[in-house]
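Report on the structure
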Amino acid sequence: MFPSEIETDHLRLVQLCRDNLSARELYRHVGRNASNVDELSRYTMWDPHRTFKETHDYLVDVEYQWDEREQATYVVYSREADVDDFAGVTNLHLGWKRRSAELGIWLRKPFWGRGYSGERAAALFELAFERLDLELVGAAHQDGNEKSKRAIERYVEEHGGQYDGILRNWIPKGDEVRDLHRYTVSRKQYLESCRST
């Protein structure tokens, strides 16, 4: 159902599973002692992993979601000449009954500001609309996450989408509950943007 690998100009998206990225390697980047992990996870839906087992269990869950066609999760690798490395993780969370999906991504700090979020979004829009026959793809950022806001606004506009609004008190994070800003691109908007380019 989902392609196990997707290539773009600067990225290679590979199915996230233990065969393609070991729990030990992922834990190096998401464990509580990882470099920049607090800054990385500040606006993510996950907290730094407390144990190696937590990372292992996360990978088992991701593999299950893939097999059950609930979510396509990919390791993001950079294909740029100056670096060929693990950049982060992205996913397409499916809502089959609604014929929709939600995009998610986190990138390691050395890969911020390179346009990777928009490039992988274009690849996942193509997957959602042209292969999975969905009607709507959403993306969101937490209130205060200006980097994600700019990236999402850019790629949503590029694909003819729109800002739908704010979901107040939507994301529990630590001792607070944050607002979530949501954007969507419909199949019609996506196809019209493809015709105009």
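For clarity, every value in this text was computed on a predicted model and none was experimentally measured.

Moving on: helix α1 (residues 23-30). Burial in α1 covers these residues: Ala23, Leu26, His29 and Val30. Seen end-on, α1 carries its buried residues on one side only, within an arc spanning 125°. Pointing more than 90 degrees away from the buried face of α1 are the exposed residues Arg24 and Arg28. Buried residues along α1 sit against α2 (37-40), α3 (52-67), β4 (86-95) and β5 (100-107).

A separate point is the nonpolar core. One finds Tyr74, Leu92, Leu103, Phe125 and Tyr155 to be the most contacted residues of the largest nonpolar core, which totals 33 residues. If you list the elements that add at least two residues to this core, you get β2 (11-15), β3 (71-78), β4, β5, α4 (116-131), β6 (136-142), α5 (146-158) and β8 (176-186). Broken down by element, this core gets its largest block of residues, 8 residues, from α4. Contacts of Leu92, omitting those with residues within four sequence positions, involve Glu70, Gln71, Ala72, Ala101, Glu102, Leu103, Leu124, Leu127, Ala128, Leu132 and Val137.

Turning to the side chain of Thr8, a few remarks are in order. Position of Thr8 relative to the elements: it lies in the loop between β1 (5-7) and β2. By relative accessible area, which is 14% here, Thr8 ends up buried. If sequence neighbours within four positions are ignored, Thr8 has contacts with Arg79, Glu119 and Ala123.

The next subject is the pairing of β5. Looking down a regular strand, the side chains alternate between one sheet face and the other. Burial of β5 is extensive: 6 of the 8 residues sit out of reach of the surface. The pairing of β4 with β5 spans 8 bridges and is classified as antiparallel. Bridge assignment links Asn91 to a residue of β5, and that residue is Gly104. With antiparallel pairing between neighbouring strands as the criterion, β4 and β5 make up a hairpin whose turn holds 4 residues, including Arg99 at a positive phi of roughly 55°. With 3 bridges joining them, β5 and β6 adopt parallel strand pairing. Directly across from Ser100, in β6, lies its bridge partner Leu136. With α4 bridging β5 and its parallel neighbour β6, the resulting β-α-β unit is right-handed.

For the rest of this paragraph, the subject is the pairing of β2. With respect to burial, β2 is a largely interior element, 4 of its 5 residues being buried. With 3 bridges joining them, β1 and β2 adopt antiparallel strand pairing. When the sheet's bridge partners are listed, Glu5 is paired in β2 with Val14. Once β1 ends, the chain turns through 3 residues before running back antiparallel as β2. One ladder, built from 5 bridges, connects β2 with β3; its direction is antiparallel. Bridged to Val14 within β3 is Val75.

Below, the discussion takes up the environment of His93. Secondary-structure assignment places His93 in strand β4. Overall, the relative accessible area of 36% leaves His93 in the partly exposed class. Considering only alpha carbons, one finds His93 and Arg18, 75 residues apart in sequence, at a separation of 19 Å. In this structure, His93 is in contact with Glu70, Gln71, Ser100, Ala101 and Glu102, ignoring residues within four places of it in sequence. Within the structure, the side chain of His93 is placed 2.8 Å from the side chain of Gln71, a separation counted as a polar contact.

About the thresholds
Residues numbered from 1 in each chain as written. Predicted model: local features only at pLDDT ≥ 70, side-chain atom pairs only at ≥ 80, totals over all residues. Heavy atoms only, no water. Buried < 20%, exposed > 50% of the residue type's maximum accessible area, 1.4 Å probe, protein only. Helix = DSSP H or I, 4+ residues; strand = E, 2+ residues; numbered from the N terminus. Arc of directions from axis to C-beta. Contact = heavy atoms within 4.5 Å. Core = buried A, V, L, I, M, F, W, Y, C linked by side-chain atoms within 4.5 Å. Pairing = 2+ DSSP bridges. Right-handed = clockwise from strand over helix to strand, strands pointing away. Polar contact = N/O pair within 3.5 Å; in protein donor to acceptor, adjacent residues only side chain to side chain.

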